[in-house]
Amino acid sequence: MPAKQQPLILHLRRDEQIRSFHLNSDAEGNFHYSFMPKFSDNGQWQATVTHPDEKELHFQPEQSFRVEQLLFSPTQQALAVSNNEPMRISSEATTAASVKGLYWTLRAKDQPSKRLPAGVSLSKTPGIDIAAGKQAELTTELTILPTAGSQGQVTLTALSPLSADHSRGQLSVNWHRVPDRAKLALSPQRLNIGLTRGTLHTETVQLKNEGNRPAEQLQLRLVDDQGKPAPDWIFFSSPTLLGTLAQGESLLFELTAVPPATVDEGDYRFRVMIKDDRQAELSLPVQLAISQSGQSRLSFHLTDIYTATKDKTGKDIAGINGATIVLQNEAVLSQLWTLTSNEQGKASIEGLAPGTYLWRISTDQHQSRQGRMVVNPGENVQSVFLDYQTVTIHFEVKPTTIDDRYEIELTTTFQTDVPAPVLVFSPAAINLAGLTPGSEKRGTLTLSNHGLIHAENIEMILPASDPRFTYHFTQSIPKTLLPGEQISLGYRVTARPPSVVEKGWMRRNETAANAGCSAYRAPVRVGWQSTCASGQRVAQQSQALFYELSGASCSQANLPLDGQGGNVNFLDWLPIGSNILTAGCAPDCDTGCCQPQGKVAGDR
């Protein structure tokens with residue numbers, strides 16, 4: 001007898017995986033369950049039904065089914081219809097199990113209206129085979145006639161002969177009709193032309209109609225970036241009245257530039273304007289970079305403290321390898337080049353127009369340099385020394401146990417195996433917070449040379465007494481410091497009475513730019529010189545700092561001192577900075593020390 005309205009359990013098994021579903025039979029003793037497989041559920045499944053009291057499961061081979069799921073991407077597509085031509089429709093199909101003869105079709109039962117839309121047809125395309133675990137594009141061609149209306153939706157269904165009428169996937173196409181119009185396209189889409197004065201240059205441009213109606217009464221005109229007519233030295237060397245351009249067809253026109261010797265160097269911008277009978281205009285940007293006539297070659301040679309020493313393999317180091325050089329024509333700013341130095345520290349470029357150029361050089365663990373130079377016809381050589389960063393200072397601002405008082409915690413990292421002097425102060429920062437009038441702070445500053453080269457011509461600038469503090473130092477500084485050598489400098493700082501500080505007065509090294517935090521600083525600066533293995537003479541400097549931070553809101557993020565928090569330039573820090581002594585101008589020199597127009601290479 002039928003088991004009417006009884007609890008049942010449906011069990012589905014694939015390999016060792018079993019899924020169970022609790023059901024109830026209906027008044028006739030029947031039950032129904034729709035299994036919606038996921039993409040990962042591909043494979044052979046067996047089914048059996050038990051009563052909740054039964055413990056054993058018995059699966060029969062004849063009670064089985066197979067899942068061969070396909071994954072389509074995308075499953076929806078928007079389509080703009082502009083003519084009656086067939087349009088390509090495509091979706092990528094991925095399958096876990098192999099599938100054969102897969103193709104797209106249109107079925108009435110799959111449509112939102114349950115009937116095939118009028119004026120919509122699908123081209124018959126051969127089916128494709130997809131191996132297990134692979135993907136392939138499933139394509140077809142869809143034609144939508146004007147009788148289909150202005151917009152609609154159509155559903156494509158993927159079928160396979162082995163699956164009979166069972167859908168393997170669907171693609172929903174939402175379409176709308178756009179008005180017939182001409183659509184002009186240019187190739188290239190902009191012109192960038194570099195040429196010298198007195199030379200002729202012609203560019204050819206393709207104009208194509210990608211629309212669904214002819215473009216009529218086409219004509220060309222050329223204007224500058226202000227919309228005014230272009231000068232007579234740039235012109236069309238082909239007809240400007242182009243007539244009619246049918247859909248799908250293309251034509252060519254030519255633009256020629258012959259800048260005379262009287263035209264200034266620089267960048268010139270124009271636009272080719274293309275207009276049709278409906279007054280629709282398309283523009284083509286044109287940029288001309290005009291430079292002097294003549295040809296030049298420019299070579300760079302980059303060196304540092306390691307140049308003329310040997311690497312770990314015993315090979316001579318001739319220069320800096322892998323540095324980036326950015327070169328720009330000062331008169332024609334659009335002319336920009338990027339070079340990379342080789343193992344010899346050299347990089348070169350040919351075919352430059354004579355003129356004034358700007359350069360900037362950067363590489364890892366070196367301080368960047370930039371300069372300005374005149375490039376003359378023929379061979380030009382620029383030698384540049386980059387300072388190697390031997391010391392890195394990081395700091396953190398921390399509150400002390402005294403309210404509104406702060407400590408700067410410094411971490412100094414330096415290299416000891418470099419062929420250069422590495423002079424470092426210890427401690428690098430001395431906190432004067434908490435000194436009451438008449439009280440003193442005593443200590444010792446130690447200056448050590450951690451490098452492999454001796455420092456020469458050492459000069460030290462000590463802070464002078466001011467209305468806030470008096471300074472006294474007990475040791476003179478030698479002119480030379482050998483590798484591994486150190487000197488000690490005793491100091492005594494005394495806080496002066498408040499009556500000495502005039503009301504409203506503020507020391508030049510003190511700032512109150514942030515009302516929540518004020519700061520005082522007095523640097524101890526040391527400078528020295530050295531000779532590199534290559535013979536390059538270098539001047540360097542470092543410093544220590546007496547300071548005081550006070551206020552309700554001092555932090556590393558809002559300190560009212562110059563510089564950027566967290567790096568070596570903060571607090572006007574100079575851990576080791578270099579000036580090149582044997583070439584060019586000093587970076588901070590007055591205008592008169594450099595020759596005009598950059599005729600002597602140097603920093604700027």
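Model, not experiment: these values are computed from the prediction.

Chemist: Even after reading the chapter, I still don't get the sheet that holds strand E7 (residues 87-95), so can you show me in this structure?
Modeler: Remark on secondary structure: sheet strands pair via backbone hydrogen bonds, oriented parallel or antiparallel. Spatially, 4 strands are ordered E5-E7-E11-E9 in an open sheet, and the strand pairing comes out antiparallel. Looking at the sheet topology across the chains shown, the edges are occupied by strand E5 (70-73) and strand E9 (120-122). Each adjacent strand pair in this sheet contributes to an overall mean axis angle of 35°, direction not counted. The pairing of E9 with strand E11 (residues 135-144) spans 3 bridges and is antiparallel. Bridging from a neighbouring strand, Leu 122 pairs with Leu 142 of E11.

Chemist: I tried to follow the environment of Ser 488 on my own but got confused; where do I start?
Modeler: Secondary-structure assignment places Ser 488 in strand E37 (residues 486-495). Here the alpha-carbon distance between Ser 488 and Ile 477, two residues 11 residues apart in the chain, equals 8.7 Å. Leave out the neighbours within four places in its chain, and Ser 488 touches Thr 444, Leu 445, Thr 446 and Gln 475.

Chemist: Would you take a moment to explain the pattern of salt bridges for this structure?
Modeler: Opposite charge on two side chains lets them pair, provided their charged atoms get close. Applying the stated criterion across every chain, the model contains 15 salt bridges. Across the pair Arg 372 and Glu 330 runs a salt bridge, and its minimum N-O distance is 2.9 Å. With Arg 372 in strand E28 (residues 369-375) and Glu 330 in the loop between strand E24 (324-329) and strand E25 (336-340), this residue pair connects regions lying 42 residues apart in the sequence. The salt bridge involving Glu 456 is made with Arg 537; its shortest N-O contact spans 2.9 Å. Placement of the pair is Glu 456 in strand E35 (residues 456-461) and Arg 537 in strand E40 (residues 537-550), with a sequence separation of 81 residues. One continuous salt-bridge network, built from bridges that share partners, spans Arg 107, Lys 109, Asp 110 and Asp 165.

Here is what the cut-offs are and how they apply
Residues numbered from 1 in each chain as written. Predicted model: local features only at pLDDT ≥ 70, side-chain atom pairs only at ≥ 80, totals over all residues. Heavy atoms only, no water. Pairing = 2+ DSSP bridges. Helix = DSSP H or I, 4+ residues; strand = E, 2+ residues; numbered from the N terminus. Axes fitted to C-alpha atoms, helices over the stretch in contact; angles between N-to-C directions. Contact = heavy atoms within 4.5 Å. Salt bridge = Lys/Arg side-chain N within 4 Å of Asp/Glu carboxyl O.

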